[in-house]
Amino acid sequence: MTKRGIITIAAILLIAAVAVVLVLTLRHPAPTPVEAVQTIPTYIVALDPGHGGRDPGAVSGDVLEKNLNLAIAQKTQALMATDPRLQPVMTRTADTYVALEDRIAKAEAAGAQIYVCIHVNSFDQPDAAGVETWVDNTRADDDPSWVLASMVQSALSNATAARNRGIRTQESFLQRTTMPAVSVEVGYLTNPDELTKLLDPAYQATIATGIVQGVEDFIDWMEESQSSDQETSES
Ligand SMILES: [Zn+2]
């Protein structure tokens, strides 16, 4: 074979090899990572530590309710931020006085869809203890706030093992918003045993676990009721 013949055969083989590689590559494109990414809906949750600044809330000795509320809300915020579905926003992040209407305005401006106030309770008798969740009494019977209250209350009492004082209702500033809104009273600072727990950062984190679990349960419930609404309207 001539030298020229060898070069021609080599060139043909090379072209054939390139063609085979091209065909195989085009028939089996590498999976793109974009296909694996799913969009998860996120929910903005307003966390409202009660009182602050010149308003101490309940007082027991040198313990001021406003400081406990902020510490518990900050732990709730940190835990909530680890759930990709939840995006917490705080109505105050320091010991400052924020008017009630400004708290609602701040939450609504941030696009919040769920509102949770955090308070510590007090009573003139030391034996009162436990957790309770409040809903504004102008909310209609089918307002999702009642479901939010029930889920937060049961998750909070399960997490803390504190006395379950149930869901309560009274007129409150939470009627200034239409988003599902509740106020949790996480324990009594006038009860000596409960005050010791409330001052313990580990117990504050346990309270945060309960609040976050309750909000997650509520979101599950909302998503399930939305998908069953769609099924109903499609059929
Ligand atoms: Zn309070």
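The paragraphs below set out a description of the structure included in this document. All figures in this text were calculated on a predicted structure; none of them were measured in a lab. (Residues numbered from 1 in each chain as written. Predicted model: local features only at pLDDT ≥ 70, side-chain atom pairs only at ≥ 80, totals over all residues. Heavy atoms only, no water.)

## What to know about the pattern of salt bridges
Two side chains with opposite charge may pair up if their charged atoms get near one another.
Next up, step 1: Evaluated as defined, the whole model comprises eight salt bridges.
Next up, step 2: Note that D95 and K66 form a salt bridge whose closest N and O atoms lie 3.1 Å from each other. Taken together, the residues span a long stretch of sequence, with D95 in the loop between β4 (86-90) and α3 (100-109) and K66 in helix α2 (residues 65-80) at a distance of 29 residues. (Salt bridge = Lys/Arg side-chain N within 4 Å of Asp/Glu carboxyl O. Helix = DSSP H or I, 4+ residues; strand = E, 2+ residues; numbered from the N terminus.)

## Examining the coordination of the zinc ion
Next up, step 1: Note on the zinc ion: its protein donors are H51 (NE2), E65 (OE), E65 (OE) and H119 (ND1). The metal-donor distances range over 2.1 to 2.8 Å.
Next up, step 2: Coordination geometry of the zinc ion: the four donor atoms subtend angles of 51 to 140 degrees at the metal centre, consistent with an arrangement described as irregular.
Next up, step 3: One chain supplies every donor for the zinc ion, spaced along it as H-x13-E-x53-H. Of this pair, H51 sits in the loop between β1 (43-49) and β2 (59-60) while H119 sits in strand β5 (residues 114-121), and the two are 68 residues apart along the sequence. Of the two residues, H51 and H119, neither departs from the other in class, the shared state being buried. (Donors = N, O, S within 2.8 Å, 3.2 Å for Na, K, Ca; no water. Tetrahedral: all angles 85-135°; square planar, octahedral: opposite > 155°, others 65-115°. Buried < 20%, exposed > 50% of the residue type's maximum accessible area, 1.4 Å probe, protein only.)

## A closer look at the sheet that holds β1
Next up, step 1: Within the open sheet, the six strands sit side by side as β4-β1-β5-β8-β6-β7. Their pairing is mixed. Single-partner strands in this sheet number two, and they are β4 and β7 (164-170). Mean inter-strand twist for the sheet, computed between neighbouring axes without regard to direction, equals 25 degrees.
Next up, step 2: Two elements, strand β6 (residues 131-136) and strand β8 (residues 181-188), share three bridges in a ladder whose sense is antiparallel. The residue bridging W134 from the neighbouring strand is S183, located in β8. (Pairing = 2+ DSSP bridges. Axes fitted to C-alpha atoms, helices over the stretch in contact; angles between N-to-C directions.)

## With respect to the packing of aromatic side chains
Next up, step 1: Applying the stated rule across the entire model yields two aromatic pairs.
Next up, step 2: The interplanar angle of 80 degrees and the centroid separation of 6.4 Å between the aromatic rings of Y115 and F173 together place this pair among those described as edge-to-face. Of this pair, Y115 sits in strand β5 while F173 is found in the loop between β7 and β8, placing the two residues 58 residues apart along the sequence. In this structure, Y115 and F173 share a single accessibility class: buried.
Next up, step 3: Centre to centre, the rings of F218 and W221 are 5.7 Å apart; their planes meet at 25 degrees, and the pair counts as stacked. A residue pair is termed a helical-turn pair when its members lie 3 or 4 positions apart in one helix, as F218 and W221 do in helix α6 (residues 201-234) at three residues. (Phe/Tyr/Trp six-rings, centres within 6.5 Å; stacked < 30°, edge-to-face > 60°.)

These figures capture arrangement, not role.
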